[in-house]
Amino acid sequence: MTTVLEIEGVSKKYGDHEVLIGVDLVVQPGQILGLLGANGAGKTTLVSIAAGLRTADAGRVRIAGVDAVSNPREAQSHMGIAPQELGIYPTLTVADNLGLFARLAGMKGPAVRQRVEQVAELLGLTEKLKKQAVTLSGGQKRRLHTGMAILHRPDVLFLDEPTVGADVQSRAGILAVVRELAQQGSAVVYTTHYMTELEQLDADIAVLQRGRIVASGTIDELVARHSSSKVVLKFDRSAPHLADGDWTVDGNTLVSHAAATDLGPSLVGALTSLGPAAADLTGVELRRASLENAFVAITGDTIEAHGEELKDVVPA
Ligand SMILES: Nc1ncnc2c1ncn2[C@@H]1O[C@H](COP(=O)(O)OP(=O)(O)OP(=O)(O)O)[C@@H](O)[C@H]1O
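An unreviewed UniProt entry annotates the protein as ABC transporter ATP-binding protein originating from Micromonospora zhanjiangensis. Recorded in UniProt under Subcellular location (unreviewed entry), the annotation for the protein is "Cell membrane". Turning to the protein, the UniProt annotation filed under Sequence similarities (unreviewed entry) states: "Belongs to the ABC transporter superfamily."

Here it is in structure tokens:
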């Protein structure tokens with residue numbers, strides 16, 4: 001399969017702050033890539049560079065085989081972007097906002113109206129086509145903003161936190177549009193803090209941390225590598241040793257790893273073995289393996305490292 005977005009060795013500094021350090025990413029047609037990272041990890045900077053809105057200090061971006069640095073106009077004709085900040089014209093109608101972007105993308109004649117109506121339908125904005133954009137709710141504006149990026153069915157679509165402030169209906173509309181576009185062959189780069197959205201989109205994942213991609217793969221791969229299901233029992237004193245099952249004692253806590261489907265039986269087994277000692281329990285947790293837990297495990301290493309660094313500077 002041909003690669004439609006290639007990011008190679010992209011680096012970016014703001015002053016002395018190295019935000020991106022030699023980032024490589026490839027995205028194929030039809031692939032949805034979820035870009036995850038904590039606040040300030042550099043997601044927007046990376047997306048903005050890939051979309052030609054900011055310049056990199058080093059590295060290369062190719063969109064549909066076109067070098068985005070030496071040939072930005074042609075590269076941009078193959079992409080659509082919905083940045084984090086809303087970019088709609090408040091005094092124009094919804095139809096005119098969409099029509100303007102369709103024409104900017106090179107569409108002409110009756111095809112413009114047809115596509116405007118189609119996108120409005122997809123995003124549940126048909127009733128609003130004749131209304132000024134300023135009169136829309138926050139979620140409807142977010143839908144319109146997304147619609148403006150997808151009108152020309154770009155080969156590569158960048159969506160930077162597209163569902164922030166969107167209600168359930170708006171969110172579902174945006175996810176449906178992303179899925180439809182990917183099914184038709186567009187490559188989508190999707191940044192979000194909502195991991196359930198990435199699960200719903202069955203996205204592939206890249207985790208950005210401290211300027212580097214620190215983990216990537218399918219959701220199943222990341223979950224299998226970095227997250228496990230477990231039962232955690234907390235006591236108000238040292239945890240007892242259990243004769244049955246594979247339990248690990250860690251201070252006041254007992255932990256047992258189990259398949260996600262076995263968490264319930266594992267807990268029941270533990271409570272039976274504990275007998276009267278169950279009265280000393282202060283907490284019971286069933287942690288299911290998930291993308292969210294995998295993300296915490298991947299990025300949590302660094303939180304500990306920060307802790308160690310901090311210890312060095314705290315006076316004794
Ligand atoms: N124009 C700029 N000038 C200076 N520093 C900037 C600029 N833009 C971003 N930064 C800094 O670069 C880092 C990465 O910012 P960026 O917006 O790319 O992160 P992000 O992962 O998108 O964050 P969020 O999840 O909060 O949207 C942050 O520390 C931010 O403060």
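A. Inspection of the overall build of the protein at higher detail. Helix and strand content of the protein: 10 helices and 14 strands. The dimensions of the protein, computed from C-alpha atoms along their principal axes, are 80 × 45 × 45 Å. Restricting the contact set of the protein to residue pairs at least 6 apart, pairs at least 24 apart contribute 68%.

B. Summary view of the environment of V23. Positionally, V23 belongs in strand β2 (residues 17–27). With 12 residues separating them in the primary sequence, V23 and S11 have C-alpha atoms 6.6 Å apart.

C. Structural detail: the site of the ligand. Around the ligand lies a shell formed by Y14, V19, G37, N39, G40, A41, G42, K43, T44 and T45. No other element matches helix α1 (residues 43–50), which puts three residues into the shell around the ligand.

D. A look at the sheet that holds strand β11 (residues 230–235). Ordered by their spatial adjacency, four strands build an open sheet running β12-β13-β11-β14, and the pairing between neighbours is antiparallel. Every interior strand has two partners, whereas the edge strands, β12 (247–250) and β14 (281–287), have only one. Ignoring strand direction, the axes of neighbouring strands in this sheet form an average angle of 15°. Sheet topology places β11 next to strand β13 (residues 253–257); five bridges connect them, and they run antiparallel. The partner of V231 across the bridge, within β13, is S256. With respect to the sheet, helix α9 (residues 263–274) is in contact with β11, β12, β13 and β14, its orientation differing from that of β11 by roughly 30°.

Reading guide: rules and limits
Residues numbered from 1 in each chain as written. Predicted model: local features only at pLDDT ≥ 70, side-chain atom pairs only at ≥ 80, totals over all residues. UniProt positions renumbered as here; feature names shortened; annotations may be inferred. Helix = DSSP H or I, 4+ residues; strand = E, 2+ residues; numbered from the N terminus. Contact = placed C-beta atoms within 7 Å. Near = placed C-beta within 6 Å. Pairing = 2+ DSSP bridges. Axes fitted to C-alpha atoms, helices over the stretch in contact; angles between N-to-C directions.

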